[in-house]
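# Chain and residue survey
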Amino acid sequence: MMDIFKMISDGSKYIAWSHLGKTFDKYIDEDKDEYYLLVPNQDVMDRWSIGRLFQKYHMLELFELSNCYLGSFNEPYMYWHISKRKPEFVKTAVIYDFAHPYRDNESFNGSLRIPDKYTDGYKRYIALIEKWIKNDEMPAGEKHSYEFNLIKYSEFDNSKPYPRFYRKSNNEIRELLRTAQIVPLKELADVVWATAVNGGNDVTRVKSLDPNKAPAYPYIPELQCIDHFISTQKLHKGDIVELGHQFFLVDKESDFDLYAPMGTKVIRARSVCPEYLYLYLNSRTARRITNTYRVPLGDYSSTSLGGSLEEFPVIVPEKEEQFYKEEFHKISAPDKRFYVIPEEESDVETLEQALAVELMEKIKLNSETLVKKQIEEDVNELNICFSNRAYKSTLILAGSIMEALLIDWLSEIRGINYFEETLRKRKYDKINKCYETDKNGCYIYMDKTRADLADYIDEIRDIKRPEWMEEAEEAHKIRDKRNLVHAKLCLKKSAEINEETCNEVITYLKKIIESRWA
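Residues numbered from 1 in each chain as written. Predicted model: local features only at pLDDT ≥ 70, side-chain atom pairs only at ≥ 80, totals over all residues. Heavy atoms only, no water.

Secondary structure summary: the protein chain contains 14 helices and 18 strands in total. By the burial criterion, 49% of the 518 residues in the protein chain qualify as buried. Sequence-distant contacts, at least 24 apart, represent 72% of the contacts inside the protein chain between residues at least 6 apart. For the protein chain, the accessible surface area stands at approximately 27,300 Å², while carbon and sulfur atoms represent 48% of it. (Helix = DSSP H or I, 4+ residues; strand = E, 2+ residues; numbered from the N terminus. Buried < 20%, exposed > 50% of the residue type's maximum accessible area, 1.4 Å probe, protein only. Contact = heavy atoms within 4.5 Å. Areas by Shrake-Rupley, 256 points an atom, 1.4 Å probe, with all protein chains shown as cover.)

Okay, structure coming up:
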C-alpha cells in the first residue's frame, strides 16, 4: 500500500509533469503493469495523451489531494492508481478543504515546496483514504469537507479522469448524460473574440451592446444599445453574445451597424439553430452539466469546464428546429400569454426532456408574471372605483377581473386558450340537479351553447375539489352581485348596490386571486 504523504514528499518520482500532448507518454512507453501518480488537475486538459494512456491502462483509484504543495498558486493534485488489470469498481474521493493553512501566492521560481504542516482535516482525509485502500471498506464522508464514492468500472469515463465527476450528488446527472449526445460547442458553432481594431488605435465611437448587461426582450435595437468603441465583430441577427455572465441572442437586424463590445465572445451557430443554442446556454440544465464537468485549477484559474467556451459541453438537439424557434418566441415575448402543460419532472428520462421541462417552466413563469401584473393593475383600478364610491363600476369590474382570472386559469390547466377557443356548456340535469355524464363518467357538453362565468367556476371547482369548494361558492356570490347591475335588476328597489356589498365582493375576490397561485 502506498503512503500518500511519502508520495508527496518524493514528488519527483510520482508527479506527472505537464507536457501538452505528451504528459502521459512516458508511462505508456515504460509499459509497467501499474503506476501510482500525483497528477496536477491541469493535466486533464491533455486529452490526447490521456486518450492513449487509457487504451493500455485502467483506473483503479482516483482521489483528490487538494493543494498539497507550496509554489503552485494552490494548484490541486490528484492521486491516480492505474493498472493493466481491469477492476470491477473504481474508488473515488473528493475534498473541499485546503491541505495546508498557508496562502500560496509565490512561485518559488517554478519549484515546489512541501508545507511544514497540513490541516487536521486534511490529515484525517488522507488517513481515511489509506484505510480504504488497505481494507476495502469505504469510509463515511463529512459534509462540506470530503466525500467518497465507489462506482462500477463501466461507469468510469476515460475522458473525465477527475473525482468530482463521480460524486454521489452527480449520480443522477451522470445517468442522464448517458442518454444524450454531448459535444463541445466548437463542433456546432464558431466562437470569435470581439477585439480592438488596429490594436486599439481605432477609437471610432459606434453603437454597441452593453458589455455588463444583456438587453431584455422584446429586444429593440434603437433603445437597447450604447455608444462604445468599435470592435472587430459587427453583429447580425442570429449572433449570440456573452454579456455579464449571460448569453444574448440578437433576434432582429438593426437599421444601423451594431457591434459586440470589446472583450466579449460572439457565437455563430453552424449546424444547429441559434435559438436552440441560446435556450441551452442559458438553461439550468446546461449549468448542471457544466458543474458536473468542473475541475478546480487553483487560484489563478477559475474552475474549468474542461477548457474554454469553445469546449462548453452542449447536448446535440433531437427536436426539429421549429420547436426551438417557437420556444424562443414564447420566452422572448414577455407581453404575450402562452398556455403550456409542463411535464412532470418525475417523467424526465433524458437530458433533452429535462431541457424541455425547464423551457416550459420559464414560459409558465413569464406568463404568470404577466397575468399577475395585469390583475394587480385591474385591482388598483377597482380600489379607485370603490374609494370614489362608484359602486356599480366596482361590481362590474370585480366580476370582469374574476372572469378573466378563471378563464386564464382553466386555459393554463388544459393548455387551451379559452380567450380564443370556445368552451362549451355542460349539459345540466335539472331534475337531479347535477351535470350529466356519459357511460364513462365524462361530462356531456352541449354542441352549440357557449359556457358562461358560472360554467368556468364549476369547471375549476370540479378540477380543484375539495380544496376550492369554498372559493367556488364565493365566486358564485361575486357573479350574483355583478348581476345586480343588470339593466332590469338595477332599477329595482331591492337591488342593494352599496358600500357593504362592494366590500364583501372585494374580500371574496382577493381570496380567489390568492387561491389561484396557492
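Structure shown, so let's carry the discussion forward.
This next bit is on a nonpolar patch on the surface. Together, Phe-89, Met-138 and Leu-150 make up an exposed nonpolar region whose accessible area comes to about 240 Å². Secondary-structure assignment places Met-138 in the loop between helix H5 (120–135) and strand S5 (146–152). (Patch = residues over 30% accessible without salt bridge, like charges linked within 9 Å, V, L, I, M, F, W, Y side chains within 5 Å. Salt bridge = Lys/Arg side-chain N within 4 Å of Asp/Glu carboxyl O.)

So, on to a negative patch on the surface. Negative charge collects at one region of the surface, where Glu-376, Glu-377, Asp-378 and Glu-381 lie side by side. Position of Glu-377 relative to the elements: it lies in helix H10 (residues 351–387). Relative accessible area serves as the criterion here: at 46%, Glu-377 is assigned to the partly exposed category. (Lys, Arg positive; Asp, Glu negative; His and termini not counted. Charge placed at Lys NZ, Arg CZ, Asp CG, Glu CD.)

Across the junction of Tyr-217 and Pro-218, the peptide omega takes the value 0°, indicating a cis bond. With respect to the secondary-structure elements, Pro-218 resides in the loop between strand S8 (205–208) and strand S9 (226–229). Its identity as a non-glycine residue notwithstanding, Asp-31 has a phi of 65°, on the positive side. According to the relative accessible area criterion, Asp-31 is partly exposed, its value standing at 35%. A positive phi angle is found at Asp-136, which is not glycine, with a value near 65°. Take Asp-136: its relative accessible area is 57%, and that puts it in the exposed class.

One side chain can pair with another of opposite charge once the charged atoms of both are near each other. According to the stated counting rule, one finds 31 salt bridges in the structure shown. The partner of Asp-31 in a salt bridge is Lys-84, and the shortest N-O contact between them spans 2.7 Å. Of this pair, Asp-31 sits in the loop between helix H3 (25–30) and strand S1 (34–40) while Lys-84 sits in the loop between strand S3 (77–83) and strand S4 (89–95), and the two are 53 residues apart along the sequence. Via salt bridges that share partners, Arg-414, Arg-426, Asp-458, Glu-459, Arg-461, Asp-462 and Arg-465 belong to a single interconnected network.

Quick look at the packing of aromatic side chains now. The full count for this structure, using the stated rule, is 33 aromatic pairs. A centroid spacing of 5.5 Å and a plane angle of 25° characterise the contact between Phe-156 and Tyr-166, whose relative ring orientation is stacked. Residue Phe-156 is located in the loop between S5 and helix H6 (171–177), and its partner Tyr-166 is located in the loop between S5 and H6; the two are separated by 10 residues in the primary sequence. Judged by its relative accessible area of 8%, Phe-156 is buried. Ring geometry for Tyr-276 versus Tyr-280: centroids 6.0 Å apart, planes at 20°, classification stacked. (Phe/Tyr/Trp six-rings, centres within 6.5 Å; stacked < 30°, edge-to-face > 60°.)

Here the focus is the sheet that holds S5. If you walk across this open sheet you meet the 5 strands as S1-S3-S2-S4-S5, and the pairing is mixed. The sheet is open, and its two borders are formed by S1 and S5, each paired with just one other strand. Averaged over all adjacent pairs, the angle separating strand axes in this sheet is 15°, with direction ignored. Pairing analysis gives 7 bridges linking S4 to S5, with the strands arranged antiparallel. Residue pairing for S5: Phe-89 is matched across the bridge by Lys-152. Those strands touched by helix H4 (residues 47–56) are strand S2 (58–66) and S3, and its axis lies near 35° from that of S3. Where H5 meets the sheet, it contacts S2, S3, S4 and S5, and its direction lies at approximately 25° from that of S5. (Pairing = 2+ DSSP bridges. Axes fitted to C-alpha atoms, helices over the stretch in contact; angles between N-to-C directions.)

Strand order in the open sheet made by the 4 strands is S7-S13-S10-S11, with antiparallel pairing throughout. Lying at the two open borders of the sheet, with one neighbouring strand each, are strand S7 (189–193) and strand S11 (246–249). In this sheet, neighbouring strand axes are inclined to one another by 25° on average, regardless of whether the strands run parallel or antiparallel. Inspection of the sheet shows strand S10 (residues 239–243) paired to S11 by 4 bridges, in the antiparallel sense. Bridge pairing in S11 places Leu-243 opposite Gln-246. Strands in contact with helix H7 (residues 274–281) are S7, S10, S11 and strand S13 (265–269); relative to S11, the strand with the most contacts, it is inclined by about 160°.

Core analysis: the biggest nonpolar cluster contains 71 residues, and Trp-80, Ile-267 and Tyr-280 have the highest contact counts within it. It is H7 that contributes the most residues to this core, 6 residues altogether. Excluding its chain neighbours within four sequence positions, the residues that come into contact with Trp-80 are Phe-24, Tyr-35, Tyr-36, Leu-37, Val-39, Leu-53, Phe-54, Met-59, Glu-61, Leu-62 and Pro-161. Core analysis: the second largest hydrophobic core is formed by 37 residues, Phe-386, Ala-472, Leu-484 and Ile-497 among them. (Core = buried A, V, L, I, M, F, W, Y, C linked by side-chain atoms within 4.5 Å.)

Moving on to the packing of helix H13 (residues 469–482) against helix H14 (residues 499–516). Two elements in contact, H13 and H14, have axes separated by 9 Å at closest approach and are oriented at 140°. Here H13 lies oblique to H14, going by the angle between them. Crossing hand, H13 versus H14: left-handed. Residues Glu-470, Glu-471, Glu-474, Ala-475, Lys-477, Ile-478 and Lys-481 of H13 pack against Thr-501, Glu-504, Val-505, Tyr-508, Leu-509, Lys-511, Ile-512 and Ser-515 of H14. Taken together, the residues of the contact of H13 with H14 break down into 6 nonpolar, 2 polar and 7 charged. (Parallel < 35°, antiparallel > 145°, perpendicular 65-115°, else oblique. Left-handed = near helix turned anticlockwise from the far one by under 90°. Nonpolar A, V, L, I, M, F, W, Y, C, P; charged D, E, K, R; others polar.)

Each α-helix winds once per 3.6 residues, and so residues spaced three or four apart point in a common direction. Between its terminal C-alpha atoms H13 stretches 20 Å, which fits the 20 Å expected from 14 residues at 1.5 Å a residue. When H13 is considered as a whole, its buried residues turn out to be Glu-471, Ala-472, Glu-474, Ala-475, His-476, Ile-478 and Arg-482. Here the buried face of H13 lies against helix H11 (391–414), helix H12 (453–464) and H14. (Expected span 1.5 Å × (residues − 1).)

This brings us to the environment of Asp-25. Relative to the elements of secondary structure, Asp-25 occurs in helix H3. In sequence terms Asp-25 and Trp-48 are 23 residues apart; their C-alpha atoms lie 9.8 Å from each other. Residues in contact with Asp-25, not counting those within four places in the same chain, are Ser-49 and Arg-52.

Any functional reading would require information that these geometric values do not contain.
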